[in-house]
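Reading the structure
Residue-level listing of the chains:
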Amino acid sequence: MAWGEFKDTAAERRLFQRRALVMLLFVVLLMTGLLARMYQLQVVEHDVYTTLSDKNRVQVQSVPPPRGLVYDRNGELIAENRPVFSLTIVPERAAPIDDTLARLGRILAIADEDLERFKKRLNEPRRPFQEIPLFYDLGESDIAKMAVHRHEFPGVEVTAELVRYYPHSDLTAHALGFVGRINREELNRIDPVNYAGTNYIGKSGIERFYEEVLHGRVGYQHVETNARGRILRVLERENPVPGEDLELHLDLRLQRKAHELLEGRRGAIVAIEPATGGILALASVPGFDTNKFVTGISVADYRALSESIDKPLFNRALRGQYPPASTIKPMMAVAALDSGVTTRDRKIWDPGYFQLREGGRRYRDWKRSGHGWVDLKHAMAQSCDVYFYDVAADMGVDTMHHYLSAFGFGEDATLDVSGALSGLLPSDGWKRAMRDQPWYPGDSVNMGIGQGFFLATPLQLATATALIANRGEWVEPRLLKDIRGEGTASEFLPAETHKPLVLKDPENWEYVVDTMEEVMHGARGTARRAARGANFKMAGKTGTAQVFSLGKDQEYDAEEIRERLRDHALFVGFAPADDPKIAVAIIVENAGGGSSVAAPVARGLFDAWLEEFPAAESAQVAGLSDQSESEH
């Protein structure tokens, strides 16, 4: 059979054509599907995928606002911000985190405490993709090392941030407070939007009370990043609104003077401007360096502070609750006169002790032989305990509680002083509730000289003294003087709630002030040595508070008593007596007598405020005037 008989060319051609047509149709269908898909992606879903692409390439970052600055009344900067370079890690981009930390440890000298702090924060609630600081305050060499190895560590950045700095930290620690890292509890209560990117928050003092004012408002920026998440450029930015700057009544010069006068001792000084209620000085000694707390204090440093026998972290001015002792006598005098228990002319015989009934317990006077016949003025000048035992017993606890409450005892009467305690103003109801005992007349006797259950803070004593200086006009103590910005102090200060203390005879205010002048300038005044040679009149009252009780027939001997069990020295007063510019309360722990220790401290404060500082200001003004004239 010939080969041609088996080959059908026409049939093969038709088969090829059919196959080619099928393939063509298949290709056309594929192209149609591809074009349809491209149309869907490029046209129909263009906005969706553009957004997804931008989210992969463009990120929105929060920009924390600069914290507001704090100035004293003379414009001296007492709380500022300084740039610090920190090594931060975004855990979501630096996984595995343990490997990243190990490799970083081979390049930088990272302390074990920093690693522990980082791991603790890593396990705490936080915002997604939030940077966690690992290493604070990098030096130039550390920054250079990270620049060389930057490509090896995705999610690790050297960032610059403004961190709070206190140039006079030891002086202002207890008045200003400090900021610190936001903890878990604070993270749950703050506004997550406004605090996005913010790592610090006020922990105590002014920093905490005015947190809302100082913080400001967060800003945002749109940044372009690469595949590793590193920023390539900023596309758009909405600047943050900085926090408001605060001006305080606090005077750094007087604050420094207070610390100098208490140097080497433990104690507290509060000075108030009677006309405004502004706190001029709020010193608790010893102090501490608040800068150590800002970025996180080391375990060793915190242990040294917390375990110190001198308790530098304890704010004695606000939280120290002491028996006010004889410094309460001017307030008791006001109460006794206004309630009619005593008069200006009434005299009491002081044999050196007081008895509620014949043959009963003897409440001793500090002067064993007694003061003889004394009226109120001489009783105040010589701090005669027997006189005040007598009027306290006659007044009773209810009357004393009524008047002492009007002076601000038993409450926190301040407007913006964070952390102040209320002391203890005892009453019959308090004793029954707390001790399940009735109030005895002997309790009233002890209360009359500021002993027994009665406790007060130095701030409360200064507040009550300022009320006498103002002759009954209340001005609640406050630290904020002004806001350097759009707001005003009145917008943020709480409302005043205390009414003036009106006496039946307003002249009794002047009489009580006269008795306090007699303490300072009288021939037998307990603080006459401290007032000697003064160019102005002072009104004051000394006090000596017992730290432990003496037995019935036991006499006080400071030499035989351990130093920390010795009496506290106290003083309250104001100057000038006729036109008060400053009122103070002072306590020097375990220092002995108020007349020999605390009164000279007050004299130093009065001299500085009334003579030294105004003279310095006048010289400065004169110097500026001379300079201006020479320039012209």
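The preceding data block contains the structure.
Residues numbered from 1 in each chain as written. Predicted model: local features only at pLDDT ≥ 70, side-chain atom pairs only at ≥ 80, totals over all residues. Heavy atoms only, no water.

**A look at the pairing of strand β10 (residues 245–248)**
Here β10 shows no split at all, with Asp245 and Glu247 on one side and Leu246 and Leu248 on the other all buried. Note: strand β2 (residues 70–71) against β10, 2 bridges, orientation parallel. From the neighbouring strand, Tyr71 faces β10, where its bridge partner is Glu247. Relative to strand β17 (residues 480–484), β10 runs antiparallel, the two sharing 4 bridges. When the sheet's bridge partners are listed, Glu247 is paired in β17 with Asp482. (Buried < 20%, exposed > 50% of the residue type's maximum accessible area, 1.4 Å probe, protein only. Helix = DSSP H or I, 4+ residues; strand = E, 2+ residues; numbered from the N terminus. Pairing = 2+ DSSP bridges.)

**As for the side chain of His174**
The residue His174 is located in helix α6 (residues 169–176) in this model. Residue His174 is classed as buried on the basis of its relative accessible area of 9%. One polar contact links the side chain of His174 to the main-chain carbonyl oxygen of Pro312, over a distance of 3.0 Å. Excluding its chain neighbours within four sequence positions, the residues that come into contact with His174 are Leu282, Ser284, Pro286, Gly287, Phe288, Pro312, Leu313, Phe314, Asn315 and Leu318. (Polar contact = N/O pair within 3.5 Å; in protein donor to acceptor, adjacent residues only side chain to side chain. Contact = heavy atoms within 4.5 Å.)

**Notes on unusual backbone geometry**
Residue Val285 is joined to Pro286 through a cis peptide bond whose omega torsion reads 5°. Looking at the element boundaries, Pro286 is found in the loop between β12 (278–285) and α11 (291–294). Of note, the amide linkage connecting Ala575 to Pro576 takes the cis form, showing an omega dihedral of -15°. You can see Pro576 is positioned in the loop between β19 (568–575) and β20 (582–588). The backbone of Ser383 sits at a positive phi, close to 55°, despite the residue not being glycine. Checked against the element boundaries, Ser383 lands in the loop between α15 (376–381) and α16 (385–406). Positive phi, close to 55°, is recorded for Asp436, a residue that is not glycine.

**Some points on the sheet that holds β12**
Sheet strands pair by backbone hydrogen bonding; their relative direction is either parallel or antiparallel. Taken together, the 5 strands give an open sheet; going across it, the order is β12-β11-β20-β19-β18, and neighbouring strands pair in antiparallel fashion. Across the chains shown, the open sheet's two edge strands, defined by having one partner strand only, are β12 and β18 (539–545). Between one strand axis and the next, the sheet turns by 5° as a mean value, whatever way the strands run. Judged from the 7 bridges that link them, strand β11 (residues 267–273) and β12 form a sheet pairing that is antiparallel. (Axes fitted to C-alpha atoms, helices over the stretch in contact; angles between N-to-C directions.)

**Observations concerning α16**
For an α-helix, the turn length of 3.6 residues means that residues three or four places apart are oriented alike. Its 22 residues place the ends of α16 only 23 Å apart at the C-alpha level, less than the 32 Å of an ideal helix rising 1.5 Å per residue. Phi for Gly408, located one or two positions after α16, is positive at around 95°. (Expected span 1.5 Å × (residues − 1).)

**Quick notes on the nonpolar core**
Of all hydrophobic cores here, the largest spans 141 residues; its most connected members are Phe388, Phe407, Phe409 and Ile586. Ranked by residue count, the leading element in this core is α16, at 11 residues. The contacts of Phe407, once residues within four sequence positions are left out, are Met331, Val334, Ala464, Leu467, Ile468, Trp474, Leu501 and Trp509. Within the second largest apolar cluster, 17 residues are counted, among which are Ile89, Leu108, Ile132 and Leu134. (Core = buried A, V, L, I, M, F, W, Y, C linked by side-chain atoms within 4.5 Å.)

**Here we look at the packing of aromatic side chains**
Applying the stated criterion across every chain, the model contains 14 aromatic pairs. Relative to Tyr302, the ring of Phe293 lies with its centre 6.4 Å away and its plane at 80°, an arrangement referred to as edge-to-face. Residue class for Phe293 comes out buried when judged on its relative accessible area of 13%. When the ring of Phe409 is compared with that of Phe454, the centres are 5.6 Å apart and the planes differ by 80°; the resulting orientation is edge-to-face. Taken together, the residues Phe409 in the loop between α16 and α17 (428–435) and Phe454 in the loop between α18 (441–447) and α19 (458–469) connect sequence positions 45 residues apart. As far as burial versus exposure is concerned, Phe409 and Phe454 are alike and both buried. Lying across the ring of Tyr200, Arg181 places its NZ or CZ 4.9 Å from the centre. Positioned over the ring face of Tyr353 is Arg362, at 4.0 Å from the centre of the ring. (Phe/Tyr/Trp six-rings, centres within 6.5 Å; stacked < 30°, edge-to-face > 60°. Lys NZ or Arg CZ within 6 Å of the ring centre and 35° of its normal.)

Limitation: the analysis is restricted to geometry and does not speak to function.
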